[in-house]
Amino acid sequence: MRFQAASDQTLLVYLGEEIGAATHERVMRLLRLLQREPIQWLRNIQPAYCSILITFDSSAVDHAEVQATISELENRTKKLPPVSHRLVEVPVCYGGEFGPDLDWVAEQRGLPADKVVELHIAPTYHAYFLGFAPGFAYLGDLAQEIAVPRLETPRKVVAAGSVGIAGRQTAIYPQATPGGWRLIGRTPLEIFRTDREPMGMIAIGDQVRFRPITQAEFLAARRA
Amino acid sequence: MSLLVVESAGLQTTVQDFGREGYGALGVSASGAADAVALRIGNLLLENKAGAPALEMTLTGGTFLFPDGAVICLAGANFGAQMDGRALELWRPHAILPGKRLTLGATRDFARCYLCVAGGVGVADFMGSASTHLLSGLGGWEGRALRKGDVLQIGSLQMNIRRRKLRPGVLEILKPEKKLRVTRGPQFDWFSEEARGALENGAFVVNEDSNRVGLRLDGPRLAMRENAEMISEGAPVGAIQVTPSGQAILLFVEQQTTGGYPKIANVIGTDLHSVGQLRPRDTIRFEEVSLVAARELWIERKKLLGSEERLFE
């Protein structure tokens, strides 16, 4: 574990130096403990691949005191049972108007489009963390064979439910937002709804699988 | 409850309070007033809760009709507010009689003016806050900026208002600055000597393409010592991240909660309200302070803002 002040009111806690299941497990354990403990000065917890950013009330504690508390908590996580993972299945209609970049990805990687889809649905992904926008889960690890860079200029609007890929990651856009990932399909599911509890369909620590559906199935699901 | 009718909305007018901090694990950034100090003072002058929801106007204000009247206070930038051709002073409560109109124009100084109303602006609560998050279309008034024809609920007109007044000198202490104090960012060491020097001594201009998500700062190119790949991590509000082309972006209240660009510095908590008052084309500078100094400034600022005795006559 490594600590780094990120601002006058935040501390970065690094729990590993490499993206993967082992570091993710350490992030999840510390997160669970932080969410359970009533810590007065704790204002926000922002987990990511290998780190947790802690925002604290700097009028109550300084970086050294926060670091001491986190070290002690991290020690206690070793006694916790392994974190259990929920499995979420996401139906996706690939290509066509829903996946405008599918053919580009196929061409870039010298693969037929169905092979790109096949490689996208093969793994069970980890929801490493949520960021960017409410409910936006960073899912990994995407197969190296279909890893592509982001768009040079992000789209001004990406439709809600769009499934994008970037580097070794994939994600679903929960709302219509700007977006720079390559879009290969769309899900009819509403990933984030404010009138639902929980609002987000995918939480940190979940496992996610994609299932291909036809356009007719997509439209039927939307009507339901 | 009484009503407020939006006759014209201005450039970008949204409902804001102190935001919804604490939902980072869900990917939700806090949002909230860009100048939380102005919002607080405006509300306290009306004896509202410090974080009561108010309208945040940006660069150009709107025209608002109060069919049932209201008690209001304008705080922050001077948008030349008028009622019936009479100028309304900032930083003091005013009674608006039923059927009267408040008209605001273009800014004369800073970026944001807050229209606070006694009793607050009533919108549905989302994750514990009334703040609009424009990027994701959540919270506030239908998740969007106000438009002509919108009708909002507000607190009722009460004629027995106490004329609270700020103590002389308070506004001087809280005045938004163009020199922002920063502490070192987590990747400070990744940057070249020149970049670190440029941050301390260079001038940066706020790009037109700036908003509540972030401010693009044009100025000296901030180069890294070598091209290192960074793993995305949580980014604090006020972080100055640098893109591969050397462009500095200051993350603000509607920021993406995580990011993969290295961060050279971070604006201190005490100076964040100054960021909310920056206009496009403003020239800003940075001054590095230690974590200890930043903490002392924050403790002092919190004391001042928490003390009605020190704020008001």
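Since we're looking at a predicted model, the values are computed, not measured.

### Concerning the overall build of chain B
Assigned secondary structure in chain B consists of six helices and 21 strands. Whereas a compact globule of 313 residues would reach a radius of gyration of roughly 20 Å, chain B reaches 20 Å, a difference of no more than 12%. Dimensions along the principal axes, computed over C-alpha positions, put chain B at roughly 65 × 40 × 35 Å. Taking all 313 residues of chain B together, 52% fall into the buried category. Intrachain contacts of chain B at a sequence separation of at least 6 include 78% that bridge at least 24 residues.

### Side note on the overall build of chain A
Each helix and strand counted, chain A has five helices and 13 strands in total. Against the compact-globule benchmark of 17 Å for 224 residues, chain A has a radius of gyration of 19 Å, which places it among compact chains. With the C-alpha coordinates of chain A rotated into their principal frame, the extents come out at 55 × 40 × 35 Å. Relative to its 224 residues, chain A shows a buried fraction of 44%. In chain A, once contacts between residues fewer than 6 apart in sequence are set aside, the share between residues at least 24 apart is 61%.

### Quick notes on unusual backbone geometry
Excluding glycine, residues mostly have negative phi values, and the peptide bonds linking residues are mostly trans. With an omega of 5 degrees, the peptide bond between A:Gly140 and A:Asp141 qualifies as cis. Secondary-structure assignment places A:Asp141 in the loop between strand 7 (137-140) and strand 8 (155-158). In this structure, A:Pro198 follows A:Glu197 across a cis peptide bond, with omega equal to -5 degrees. In this fold, A:Pro198 is placed in the loop between strand 12 (182-186) and strand 13 (207-212). Positive phi, normally seen in glycine, also occurs at B:Glu47, with a value near 60 degrees.

### What to know about the domain arrangement of chain A
Residue and element names in this part refer to chain A. What the domain assignment lists for chain A is domain 1 (2-77) and domain 2 (87-223). Each of domain 1 and domain 2 was reduced to a C-alpha centroid, and the two centroids are 29 Å apart. Of all the elements, helix 1 (residues 21-36) adds the most residues to the side of domain 1 that touches domain 2, at four residues. Taken together, the residues of the side of domain 1 that touches domain 2 break down into seven nonpolar, one polar and no charged.

### Topic: the interface of chain B and chain A
On the chain A side, the residues contacting the 34 residues of chain B number 39 residues. Elements with a contribution of two residues or more to the side of chain B that touches chain A: strand 16 (233-234) and helix 5 (291-306) of chain B. Among the elements that make up the side of chain B that touches chain A, the one with the highest residue count is helix 5 of chain B (six residues). Its residues assigned to classes, the side of chain B that touches chain A shows 15 nonpolar, 15 polar and four charged.

### Overview of helix 4 (residues 113-121) of chain A
Owing to its 3.6 residues per turn, the α-helix aligns residues three or four sequence positions apart on the same side. Residues and elements named next belong to chain A. Every buried residue belonging to helix 4 is among Val-116, Val-117 and His-120, and all of these are buried. Within helix 4, the buried residues cover an arc of 100 degrees as seen down the axis, which keeps them to one side. In this structure, the buried residues of helix 4 make contact with strand 5 (87-94), helix 3 (102-109), strand 10 (169-172), strand 12 and strand 13.

### Section: the domain arrangement of chain B
Residue and element names in this part refer to chain B. In terms of domains, chain B is made up of domain 1 (2-165) and domain 2 (179-309). Computed from C-alpha coordinates alone, the two centres of domain 1 and domain 2 are separated by 27 Å. Counting from both sides, the interface comprises 22 residues of domain 1 and, opposite them, 15 residues of domain 2. If you tally residues by element for the side of domain 1 that touches domain 2, the top one is helix 1 (residues 36-45), at four residues. Of the residues that constitute the side of domain 1 that touches domain 2, the class distribution is eleven nonpolar, eight polar and three charged.

### Some details on the sheet that holds strand 2 (residues 10-14) of chain A
Residues and elements named next belong to chain A. The strand order 1-2-4-3 describes an open sheet built from four strands, whose pairing is antiparallel. The open sheet is flanked by strand 1 (2-7) and strand 3 (42-47), the only strands paired with a single partner. The average angle at which neighbouring strand axes cross in this sheet is 20 degrees, direction not considered. The pairing of strand 2 with strand 4 (residues 51-56) spans five bridges and is antiparallel. Its bridge partner lying in strand 4, Val-13 is registered against Ile-52.

### Examining the sheet that holds strand 17 (residues 239-242) of chain B
Residues and elements named next belong to chain B. The seven strands lie next to each other as 13-20-17-18-15-14-21, forming a closed barrel whose pairing is mixed. Neighbour-to-neighbour, the strand axes of this sheet turn through a mean angle of 40 degrees, independent of strand direction. As paired elements, strand 13 (residues 179-184) and strand 21 (residues 283-288) share four bridges and run parallel to each other. The partner of Leu-180 across the bridge, within strand 21, is Phe-286.

### Notes on the confidence of the model for chain B
Overall, the prediction assigns chain B a mean pLDDT of 95, with 100% of residues at 70 or greater. In the model output, the complex is listed with pTM 0.94 alongside ipTM 0.96.

### Brief notes about the pairing of strand 7 of chain A
Residue and element names in this part refer to chain A. Pairing of strand 6 (residues 125-130) with strand 7, which is carried by four bridges, proceeds in the antiparallel orientation. Looking at the pairing, His-126 lines up with Gly-140 of strand 7. If you look at the hairpin formed by strand 6 and strand 7, you'll find six residues sitting between the two strands, and Phe-132 has a positive phi there, around 70 degrees.

### A word on the environment of B:Ser31
All names here are of chain B. For Ser-31, the location among the structural elements is in the loop between strand 2 (14-16) and helix 1. When the 32 C-beta atoms within 10 Å are taken as the criterion, Ser-31 is described as buried. Linking Ser-31 and Leu-59, residues 28 residues apart in sequence, is a C-alpha distance of 18 Å. Aside from chain neighbours lying at most four places away, what touches Ser-31 is Gly-19, Arg-20, Ser-131, Thr-132, His-133, Gly-139, Val-253 and Glu-254.

What counts and how
- Residues numbered from 1 in each chain as written.
- Chains lettered and ligands numbered in written order.
- Predicted model: local features only at pLDDT ≥ 70, side-chain atom pairs only at ≥ 80, totals over all residues.
- Helix = DSSP H or I, 4+ residues; strand = E, 2+ residues; numbered from the N terminus.
- Rg over C-alpha atoms; globule rule 2.2 N^0.38 Å.
- Buried ≥ 20, exposed ≤ 12 C-beta atoms within 10 Å, placed from the backbone.
- Contact = placed C-beta atoms within 7 Å.
- Domains from an automatic or database assignment.
- Nonpolar A, V, L, I, M, F, W, Y, C, P; charged D, E, K, R; others polar.
- Arc of directions from axis to C-beta.
- Pairing = 2+ DSSP bridges.
- Axes fitted to C-alpha atoms, helices over the stretch in contact; angles between N-to-C directions.
- pLDDT = per-residue confidence, 0-100.

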